[in-house]
There are 2 protein chains.
Amino acid sequence: MHKLALASLALTLPLPAAAQEAEEPATPSSVVANAGAGEWISIAPEDLLVMELAPDTQGDPRQVVIQLMSPPFSQPWVANVRALAEAHWWDGTSVYRVQDNYVAQWGDATEQKPLPDGVSSPMATYESVLEVVPVQTVYAREFEAMVRRLVEESEPVSGYAVNPADPDATRPPSYADPYVDFTTFMQGWPIGHAHYPEGLAWPLHCYGYIGVARDYAPDTGTGAELFTIIGTPQRHMDRNLAVVGRVIEGMEHLSSLPRGHGELGFYAEDEEHLRTPIVSVRLASEMPDAPAFEYLASDSESFARYVEVRANRNDPFYTVPAGGVDVCSVQVPVRRVGE
Amino acid sequence: MHKLALASLALTLPLPAAAQEAEEPATPSSVVANAGAGEWISIAPEDLLVMELAPDTQGDPRQVVIQLMSPPFSQPWVANVRALAEAHWWDGTSVYRVQDNYVAQWGDATEQKPLPDGVSSPMATYESVLEVVPVQTVYAREFEAMVRRLVEESEPVSGYAVNPADPDATRPPSYADPYVDFTTFMQGWPIGHAHYPEGLAWPLHCYGYIGVARDYAPDTGTGAELFTIIGTPQRHMDRNLAVVGRVIEGMEHLSSLPRGHGELGFYAEDEEHLRTPIVSVRLASEMPDAPAFEYLASDSESFARYVEVRANRNDPFYTVPAGGVDVCSVQVPVRRVGE
């Protein structure tokens, strides 16, 4: 499979040690592989949810691990999600909607199941006002540099694209975003900011990120019905729905489910047998044998380098570095520990 | 399912006629539903490929319809793809790689099958120089306006984000792109441009778009081994691989396939039974009962309105319009005809 396998080797797999000599161009994977132990941060067990789906048709287990959103974002809904897990509320519910290039959604398809005491739709906003903008991030730095350059030199965006006549030239990568003033990473989460430097910020709907389904406003959803993005990021949902976490392992068990053909990808009446039963959802803090994970600190040097390398691949497969990267294409590195 | 179904009703389904009165805010779907017959363009049968996969486990057929890329882009590879289809070369091959949030790839897993005469890796570039930039597109228009505003008013990007204090204010949507100077649509295809206004342009790797697998440069691939994006757009591939088309129907038959667990998502040795057999691939021009399709002209008024509405949803579900839209989130409307 040599020829076929080369297409994205450097992108997706850690390189063998022999390829990591100083002469080899860095890849996102090699940067992550070389990150120092002190640059990784443990995910607390109370921030991990383990969802056990019914075994697949071969009898193989299907476990999905979710990391809950960090403060200050979406905390009223995250508190509900913890309460629902502690009540074992999702046990016996199902994944009842899978819409191609959009979402897989789970919870109580009957809409009859009573919620635990205290779980209701929060009267809260999807944004947070941050007193201090984390200026250490590459995104914030690059945005400042871009604004300065645009204003002072009156020479706008074109300077930030790769020059095909000089593909090896070093230039600042572009982190322009169609949705917000700028993007950054905080505590390992991709974040949108508006009206810099005032610090209004909110989490984003990238692939594998988990949102709270809701009815029309003022309803904000409870967290009992959750969805994850299974295709193109759905950034138009940002600030319109609460992002409560992301899938960090087992995403394929949701993304590869058969699509529904009712309205909006709900399984139609004659497809209800396709719903995937949820056996249990537990906080890792409740489990004796819970898996443990850590993420690469987004204010670390290795993370900054990881973003930079993603934006300008110059390993042998790529002939034209992109010159920029979309925030949702910077998957925050997460790994299992203790195995 | 009322409560659950509301989450994206306006986004994904044409509204019933009663909801399309003048008082209702436009949605992307309502704009498309109201487009004039003259704004739709037929796709020529020689630009359509019909791929028949083996029936699924229920015995249901799995047909994937592909539209081939329009000139001037990627035409040497498109010619190869037509020759391979005419030779019935893919019959009996398989989908042999499915990597989550990346690609599904198909062709000859044995790497032994001889190619038809004349099919080889083209010595060609992935970009085209366009003499005339299509200034009729909203993207080009908005880019010009943005540049003018940036330079003349020294008031950069922040003005283009939505103002949360005044969410109803009308403002020009943002089409900023992290990868290129600006994006546009030509003949129904999303396109990246650099060095405006010189007109160097190339097609993009959005969800469902089809690229040509290759070895290291100078190899450019033949078109025999193809892949489609099944998750986040992979824009770092732009200008590094040839985009030869997109899936316009039946995408779920590729995106929901079981993921491979060999390197890079190839099916591992003990998973080879998971490969999906390809029964046949035919040009519609060869088929007596071929399906027919048309797309919404990207230089039409309805398309411009469609992009604008996508960028600023103000139907009742959304409380904060995004204020912009990513080029890959503007799916070009395509529909079946004659049924």
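Note that the coordinates shown come from a computational prediction; the quantities given were computed from them, not determined experimentally. (Residues numbered from 1 in each chain as written. Chains lettered and ligands numbered in written order. Predicted model: local features only at pLDDT ≥ 70, side-chain atom pairs only at ≥ 80, totals over all residues. Heavy atoms only, no water.)

Asks: Hey, could you run me through the overall build of chain A in this one?
Replies: Scanning chain A for helices and strands turns up seven helices and 15 strands. Every one of the 339 residues in chain A was classed for burial, and the buried ones make up 61%. The contacts in chain A between residues at least 6 apart in sequence include a share of 71% that link residues at least 24 apart. As presented, chain A carries roughly 13000 Å² of accessible surface, and 51% of it is formed by carbon and sulfur atoms. (Helix = DSSP H or I, 4+ residues; strand = E, 2+ residues; numbered from the N terminus. Buried < 20%, exposed > 50% of the residue type's maximum accessible area, 1.4 Å probe, protein only. Contact = heavy atoms within 4.5 Å. Areas by Shrake-Rupley, 256 points an atom, 1.4 Å probe, with all protein chains shown as cover.)

Asks: Honestly, the sheet that holds strand 1 (residues 40-42) of chain A in this entry has me stumped. Any pointers?
Replies: Whenever strands of a sheet pair, they do so through backbone hydrogen bonds, lying parallel or antiparallel. All names here are of chain A. If you trace the three strands from one edge of the open sheet to the other, you get 1-14-15, paired in antiparallel fashion. Because the sheet does not close on itself, it has two edges, and the strands there are strand 1 and strand 15 (334-337). Taking the axes of each pair of neighbouring strands and ignoring which way they run, one obtains an average angle of 35° across the sheet. As judged from the three bridges shared by strand 1 and strand 14 (residues 292-296), these two strands associate in the antiparallel manner. Bridge pairing links Ser 42 to Glu 294 in strand 14. (Pairing = 2+ DSSP bridges. Axes fitted to C-alpha atoms, helices over the stretch in contact; angles between N-to-C directions.)

Asks: Quick question: what am I supposed to make of the packing of aromatic side chains here?
Replies: To describe a pair of aromatic rings, one takes the distance between the centres and the angle between the planes. Residue and element names in this part refer to chain A. Within this structure, the stated rule accounts for 16 aromatic pairs over all chains. Taking 5.9 Å as the distance between ring centres and 45° as the angle between the ring planes, the aromatic pair formed by Phe 303 and Tyr 306 counts as tilted. Taken together, the residues span about one helical turn, with Phe 303 and Tyr 306 both in helix 7 (residues 301-311) at a distance of three residues. Three or more aromatic residues link up through ring pairs in this structure, and these residues are Phe 185, Phe 303 and Tyr 306. Of note, Lys 113 hangs over the ring of Trp 89, and the distance from its end group to the ring centre comes to 5.4 Å. (Phe/Tyr/Trp six-rings, centres within 6.5 Å; stacked < 30°, edge-to-face > 60°. Lys NZ or Arg CZ within 6 Å of the ring centre and 35° of its normal.)

Asks: Would you explain the pattern of salt bridges in this entry?
Replies: Pairs can form between side chains of opposite charge whenever their charged atoms are close. All names here are of chain A. Tallying each qualifying case throughout the model produces 22 salt bridges over all chains. In this structure, the salt-bridge partner of Arg 275 is Glu 272, at a minimum N-O distance of 3.5 Å. Via salt bridges that share partners, Asp 177, Arg 235 and Asp 238 belong to a single interconnected network. (Salt bridge = Lys/Arg side-chain N within 4 Å of Asp/Glu carboxyl O.)

Asks: Mind showing me how you'd approach the nonpolar core here?
Replies: It is characteristic of soluble globular proteins that their nonpolar side chains tend to be buried jointly. By size, the foremost hydrophobic cluster in this structure holds 150 residues, and its most contacted members are Trp 90, Trp 106 and Leu 254 of chain A together with Trp 90, Trp 106 and Leu 254 of chain B. Ignoring any residue separated from it by four or fewer positions in sequence, one finds Trp 90 of chain A in contact with Val 81, Leu 84, Ala 85, Trp 106, Gly 107, Gly 223, Ala 224, Leu 226, Ile 278 and Val 281 of chain A. (Core = buried A, V, L, I, M, F, W, Y, C linked by side-chain atoms within 4.5 Å.)

Asks: Before we go on, may I ask you to explain the sheet that holds strand 10 (residues 209-212) of chain A in this structure?
Replies: Residue and element names in this part refer to chain A. Spatially, the eight strands close up into a barrel ordered 2-3-12-10-11-5-4-13, and their pairing is antiparallel. On average, each strand axis in the sheet is tilted by 35° relative to the strand beside it, whichever way the strands run. Two strands pair when backbone bridges link them, and strand 3 (residues 62-68) and strand 12 (residues 243-249) are joined in this way by four bridges, in the antiparallel orientation. Bridged to Ile 66 within strand 12 is Val 247. Sitting on the sheet, helix 4 (residues 75-86) touches strand 2 (48-53), strand 3, strand 10, strand 12 and strand 13 (276-283), and the angle it makes with strand 13 is about 105°.

Asks: Hey, could you run me through helix 4 (residues 75-86) of chain B in this one?
Replies: Turn by turn, an α-helix covers 3.6 residues, leaving residues three or four places apart pointing in a common direction. Residues and elements named next belong to chain B. Given a rise of 1.5 Å per residue, twelve residues ought to cover 16 Å, and the 16 Å separating the end C-alpha atoms of helix 4 matches this to within 8%. Looking only at helix 4, the buried set comprises Trp 77, Val 78, Asn 80, Val 81, Leu 84 and Ala 85. Along the axis of helix 4, the buried residues cluster in a sector spanning 155°; they form a single face. Along its buried surface, helix 4 packs onto strand 2 (48-53), strand 3 (62-68), strand 10 (209-212), strand 12 (243-249) and strand 13 (276-283). Just beyond helix 4, the residue with positive phi is His 88, at close to 55°. (Expected span 1.5 Å × (residues − 1). Arc of directions from axis to C-beta.)

Asks: What exactly am I supposed to notice about the side chain of Asp 47 of chain A here?
Replies: Residue and element names in this part refer to chain A. As for its position among the elements, Asp 47 is in the loop between strand 1 and strand 2. A polar side-chain atom of Asp 47 sits 2.7 Å from a polar atom in the side chain of Arg 82. Residue contacts for Asp 47: discarding those within four places in its chain leaves Ile 66, Gln 67, Leu 68 and Arg 82. (Polar contact = N/O pair within 3.5 Å; in protein donor to acceptor, adjacent residues only side chain to side chain.)

Asks: Please explain the confidence of the model for chain A as it appears in this structure.
Replies: Atomic detail in the predicted coordinates should be set aside for any region of low pLDDT. Residue and element names in this part refer to chain A. Mean pLDDT for chain A: 83, with 78% of residues reaching 70 or above. Below a pLDDT of 50 lies the segment residues 1-21, which in the model reaches 54 contacts outside its immediate sequence neighbourhood of four places, other chains included. The low-confidence segment residues 131-171 (pLDDT under 50) makes 86 contacts with residues lying over four places distant or belonging to another chain. Scored as a complex, the prediction yields pTM 0.86 and ipTM 0.86. (pLDDT = per-residue confidence, 0-100.)

Asks: Is there a simple way to think about unusual backbone geometry in this case?
Replies: Peptide bonds are trans in most cases, and residues, glycine excluded, mostly fall at negative phi. The amide bond that connects Pro 71 of chain A to the next residue, Pro 72 of chain A, takes the cis arrangement and shows omega of 10°. By the secondary structure assignment, Pro 72 of chain A is in the loop between strand 3 and helix 4. With phi around 60°, Ser 74 of chain A is a residue other than glycine that occupies positive phi space. Here Ser 74 of chain A is to be found in the loop between strand 3 and helix 4. Taking the relative accessible area as the measure of exposure, Ser 74 of chain A reaches 6% and is therefore buried. The phi dihedral of Asn 101 of chain B is positive, around 55°, even though this residue is not glycine. Structurally, the position occupied by Asn 101 of chain B is in the loop between strand 4 (94-98) and strand 5 (103-107).

Asks: Please explain the state of the cysteines as it appears in this structure.
Replies: A covalent bond between the sulfur atoms of two cysteines is what we call a disulfide. Residues and elements named next belong to chain A. For the structure shown, the criterion picks out two disulfides over all chains. Paired through a disulfide, Cys 206 and Cys 328 show a sulfur-sulfur distance of 2.1 Å. Here the S-S torsion is close to -75°, and the disulfide linking Cys 206 with Cys 328 is therefore left-handed. In this pair, Cys 206 is assigned in the loop between strand 9 (200-203) and strand 10 and Cys 328 in the loop between helix 7 and strand 15, connecting sequence segments 122 residues apart. Judged on exposure class, the residue Cys 206 and its partner Cys 328 are both buried. (Disulfide = S-S within 2.5 Å.)

Asks: Mind showing me how you'd approach the pairing of strand 11 (residues 226-229) of chain A here?
Replies: Within a regular strand, the side chains alternate between the two sheet faces. Residue and element names in this part refer to chain A. Both faces of strand 11 are covered, namely the face carrying Leu 226 and Thr 228 and the face carrying Phe 227 and Ile 229. Here strand 5 (residues 103-107) runs beside strand 11; their pairing, made up of four bridges, is antiparallel. Opposite Ala 104, over in strand 11, you have Thr 228 as the bridge partner. Pairing of strand 10 with strand 11, which is carried by three bridges, proceeds in the antiparallel orientation. Its bridge partner lying in strand 11, Val 212 is registered against Leu 226.

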